[in-house]
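Residue-level structure breakdown
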Amino acid sequence: METKNNELEEMRQQLGILKEKIDGQKLINDKLIRQSMLNKMSFMKKYTWVSFFLLAYIYVAFFSLREQFNMSWLLYIATVIIMTVNVLFDAYINRFSKDQFLNNDLIATSKRMVRMKKLRKRSLLIGIIGMSIWSPWFFTELYYGASSSNGLVSPDYMWGTIVGGLIGLLAGACIGIWIYLRMQSINSDIIQEIEELTKETE
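Each value, and the rule that gives it
- Residues numbered from 1 in each chain as written.
- Predicted model: local features only at pLDDT ≥ 70, side-chain atom pairs only at ≥ 80, totals over all residues.
- Heavy atoms only, no water.
- Helix = DSSP H or I, 4+ residues; strand = E, 2+ residues; numbered from the N terminus.
- Buried < 20%, exposed > 50% of the residue type's maximum accessible area, 1.4 Å probe, protein only.
- Contact = heavy atoms within 4.5 Å.
- Areas by Shrake-Rupley, 256 points an atom, 1.4 Å probe, with all protein chains shown as cover.
- Phe/Tyr/Trp six-rings, centres within 6.5 Å; stacked < 30°, edge-to-face > 60°.
- Lys NZ or Arg CZ within 6 Å of the ring centre and 35° of its normal.

Helix and strand counts for the chain come out as 5 helices and 0 strands. Residue burial in the chain is summarised as follows: out of 202 residues, 31% are buried. Summarising the internal contacts of the chain: among those between residues at least 6 apart in sequence, 79% fall at separations of at least 24. Only carbon and sulfur atoms are counted for the fraction: they give 65% of the accessible area of the chain, which is about 13600 Å².

For the rest of this paragraph, the subject is the packing of aromatic side chains. Given two aromatic rings, one states the distance between the centres and the angle between the planes to describe the pair. Counted according to the given criterion, the structure contains 13 aromatic pairs. Ring geometry for Phe62 against Phe138: centres 5.7 Å apart, planes inclined by 40°, an arrangement best described as tilted. Here the residue Phe62 occupies a position in helix 1 (residues 2-69), and Phe138 occupies one in helix 4 (residues 106-147), the gap between them amounting to 76 residues. Accessibility assignment for this pair places Phe62 and Phe138 in one class, buried. Site record: aromatic cluster; members linked through ring pairs are Phe62, Phe63, Trp73, Tyr76, Trp134, Phe138 and Phe139. Over the aromatic face of Phe96 sits the side chain of Lys45, whose NZ or CZ is 4.8 Å from the ring centroid. Against the face of Phe43 rests Arg182, its NZ or CZ located 4.3 Å from the ring centre.

Okay, here's the thing in structure tokens:
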């Protein structure tokens, strides 16, 4: 009888040790998955910093372009405001902290990812509408500004700038769509990972 009791006690201890190991493994997996999510989000932080540098470049480059092609101050101010609002709104959408992934409730983080996707989609639609208004305005002022420059801007240079601007606009649109799809995909992956992780812990 005493031998059976000892065997049962030993089995309980082994089961306890096994349970501790399983719980420890789950904890390690949880940390690794959280860190993986955080690493994926680093793309958005890099994008935000690059956007601020490009915004500063636009201020200077577009000012020079305005002077050279005799474009209106209204266009320059409108361009600066549109670009600034766009960059700031993107930074607002893509903001996050390490605690949200490493320490906070993952359900709340998942809801935040869903909200990011919705806001980003709304931002894209507003951006498309804005660019459909701004682009004709820009190229119209570029053409008429150069034409009224009293020969300071040659026709070849003007048309070269217009063609270059159209190519740049198309390239920028393609890059913007790629970035949008990449960010939406990152958010979707994180949402899926959180769903799988929460199912395992139930």
